[in-house]
Amino acid sequence: MERGLAANTLESYRRDLSRYQRVLAAAGRTEIGQVSSTDIASYVAGLREGDADHPPLAASSAGRAMAAVRGLHAFACAQGLTPADPARPVPPPPPPRRLPKAISVEEVVRLLEAAGPGAGPGAGAPAMLRDRALLEFLYATGARISEATGLDVDDLTLEDEPVVLLDGKGGKQRIVPLGRYAAAAIDAYLVRARPALAAGAARARAAQKASPGRPRGSVSPAVFLNARGGRLTRQGAWAVLRAAAERAGLARVSPHTLRHSFATHMLDGGADIRVVQELLGHASVTTTQVYTLVTVEKLREVYAAAHPRALG
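Here is a short report on the structure shown in this document.

Here is what the cut-offs are and how they apply
- Residues numbered from 1 in each chain as written.
- Predicted model: local features only at pLDDT ≥ 70, side-chain atom pairs only at ≥ 80, totals over all residues.
- Heavy atoms only, no water.
- Helix = DSSP H or I, 4+ residues; strand = E, 2+ residues; numbered from the N terminus.
- Buried < 20%, exposed > 50% of the residue type's maximum accessible area, 1.4 Å probe, protein only.
- Contact = heavy atoms within 4.5 Å.
- Areas by Shrake-Rupley, 256 points an atom, 1.4 Å probe, with all protein chains shown as cover.
- Core = buried A, V, L, I, M, F, W, Y, C linked by side-chain atoms within 4.5 Å.
- Axes fitted to C-alpha atoms, helices over the stretch in contact; angles between N-to-C directions.
- Parallel < 35°, antiparallel > 145°, perpendicular 65-115°, else oblique.
- Left-handed = near helix turned anticlockwise from the far one by under 90°.
- Nonpolar A, V, L, I, M, F, W, Y, C, P; charged D, E, K, R; others polar.
- Phe/Tyr/Trp six-rings, centres within 6.5 Å; stacked < 30°, edge-to-face > 60°.
- Lys NZ or Arg CZ within 6 Å of the ring centre and 35° of its normal.
- Expected span 1.5 Å × (residues − 1).
- Arc of directions from axis to C-beta.
- Pairing = 2+ DSSP bridges.

### Considerations on the overall build of the protein
Then, number 1: Looking only at helices and strands, the protein has 12 helices and three strands in total.
Then, number 2: Here the protein holds 312 residues, and 37% of them are scored as buried.
Then, number 3: The long-range fraction of contacts in the protein, counting pairs at least 24 apart against all pairs at least 6 apart in sequence, stands at 59%.
Then, number 4: Accessible area for the protein stands at about 17700 Å²; split by element, carbon and sulfur atoms hold 55% of it.

In structure tokens, the structure reads:
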């Protein structure tokens, strides 16, 4: 809480520490001062190997669990609960060097067109306009799905030079420009579709009057609404993306695909990595540098295909 971590991160740490406590208790360690570096190293190895109740964890998941353990022992030591920090000498499992998965510009266009109609005449049902606006927004800003579903109407400025205020991890805010296509799709959704979706909350209020025991509906400030007029959830947004990907014939599209594609296409287009770092809301440029590896791989492919003496 003191570090301002996101609610989802806190919940993950809570689960990790509950498992850690059970493992220590089984080993007879009932006081935090009894835990040794050997105990912690054995716990991390057990995460990677799995057991009868848990499958083996990937290095990234085991690393997150180790971060929770390290935070616990560092806090206990700082508070004087233990004389030393036994987690300090235990290295985290080395994460695999995994490149982000991005799709091409042409595939992004197919995905967006499969989400629903554009902002022109003949636009369709409210949900289709919402879905198109949502995916246009994700690709235009590189926002996380949780940032998109947490977006309120007051966070948007669509006049003159469209921008959006995003609430990122740890409560950090950033301002990101909105491209012309995204701004047009969002404007069409707000004008033609959002009022119809918001009417779901009005129907809930009317039903509440008829049945006083039911929860009262209210108008949500969220930009993206569900069919009941409430805020679209992360799961709902993921379902929108998955359905559009299926219609576009795209496999292995995840909630982060448009974010990865945004970063990769920005760097391919010549954007400075520091600018991309700010747009993505990364605390360190090291996190953003993984996308430069993607562009280097693309350069190698083009070089190998185009240079007459690239291949022996």
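### Some thoughts on the nonpolar core
Then, number 1: Leu-111, Leu-134, Leu-135, Phe-137 and Phe-224 are the most contacted members of the largest nonpolar core, which has 50 residues in total.
Then, number 2: The biggest single contributor to this core is helix 5 (residues 126–141), with seven residues.
Then, number 3: For Leu-134, the residues in contact, after removing those within four places along its chain, are Ala-148, Phe-224, Leu-232, Ala-237 and Val-240.
Then, number 4: Leu-24, Val-44, Met-66 and Val-90 belong to the second-largest nonpolar core, a separate cluster that totals 13 residues.

### Some remarks on the packing of helix 10 (residues 257–268) against helix 12 (residues 285–306)
Helix packing geometry: the angle between the two helix axes and the distance between the axes.
Then, number 1: The contact between helix 10 and helix 12 brings their axes to 9 Å, and the two run at 60 degrees. One element, helix 10, and the other, helix 12, form an angle in the oblique class. Helix 10 and helix 12 meet at a crossing whose hand is right-handed. Contacts between helix 10 and helix 12 involve His-260, Ala-263, Thr-264, Leu-267 and Asp-268 on the former and, on the latter, Tyr-291, Thr-292, Val-294, Thr-295 and Lys-298.
Then, number 2: For the contact of helix 10 with helix 12, the per-class residue count stands at four nonpolar, four polar and two charged.

### Brief notes about the packing of aromatic side chains
Then, number 1: Applying the stated criterion to the full structure yields three aromatic pairs.
Then, number 2: Plain terms: the ring middles of Tyr-189 and Phe-224 are 5.8 Å apart, the flat faces sit at 20 degrees to each other, and that makes the pair stacked. Of this pair, Tyr-189 sits in helix 7 (residues 180–192) while Phe-224 sits in the loop between helix 8 (194–210) and helix 9 (234–248), and the two are 35 residues apart along the sequence. The residues Tyr-189 and Phe-224 share a single accessibility class, namely buried.
Then, number 3: Three or more aromatic residues joined by ring pairs form one cluster here, namely Phe-137, Tyr-189 and Phe-224.
Then, number 4: If you follow Arg-180 out to its NZ or CZ, it ends over the ring of Tyr-181, 4.7 Å from the centre.

### Brief notes about helix 1 (residues 7–26)
Then, number 1: Here helix 1 is 20 residues long and its end C-alpha atoms lie 29 Å apart, about the 28 Å a rise of 1.5 Å per residue gives.
Then, number 2: When helix 1 is considered as a whole, its buried residues turn out to be Leu-10, Ser-12, Tyr-13, Asp-16, Arg-19, Tyr-20 and Leu-24.
Then, number 3: Its buried side turned inward, helix 1 meets helix 2 (37–49) and helix 3 (59–78).
Then, number 4: Two residues or fewer past helix 1, Gly-28 is found with a positive phi of approximately 85 degrees.

### Considerations on helix 4 (residues 105–115)
Then, number 1: All buried positions along helix 4 are accounted for by Val-108, Leu-111, Leu-112, Ala-114 and Ala-115. The buried side chains of helix 4 occupy one side of the element, clustering within an arc of 165 degrees when seen end-on. Seen from the open side of helix 4, the exposed residues pointing more than 90 degrees away from its buried face are Glu-106 and Glu-113.
Then, number 2: Contact partners of the buried residues in helix 4: helix 5, helix 9 and helix 10.

### Observations regarding the side chain of Gln-277
Then, number 1: Its location among the elements puts Gln-277 in helix 11 (residues 273–280).
Then, number 2: When neighbours within four sequence positions are excluded, Gln-277 is seen to be in contact with His-282, Ala-283, Ser-284, Val-285 and Thr-288.

### A closer look at the sheet that holds strand 2 (residues 163–167)
Then, number 1: Across the sheet, three strands lie side by side as 1-2-3; this open sheet has antiparallel pairing. Edge positions in the sheet fall to strand 1 (156–157) and strand 3 (173–177), since each has one partner strand and no second.
Then, number 2: Pairing geometry for strand 2 and strand 3, over five bridges, is antiparallel. Residue Asp-167 lies in a different strand from strand 3, and its bridge partner there is Gln-173.

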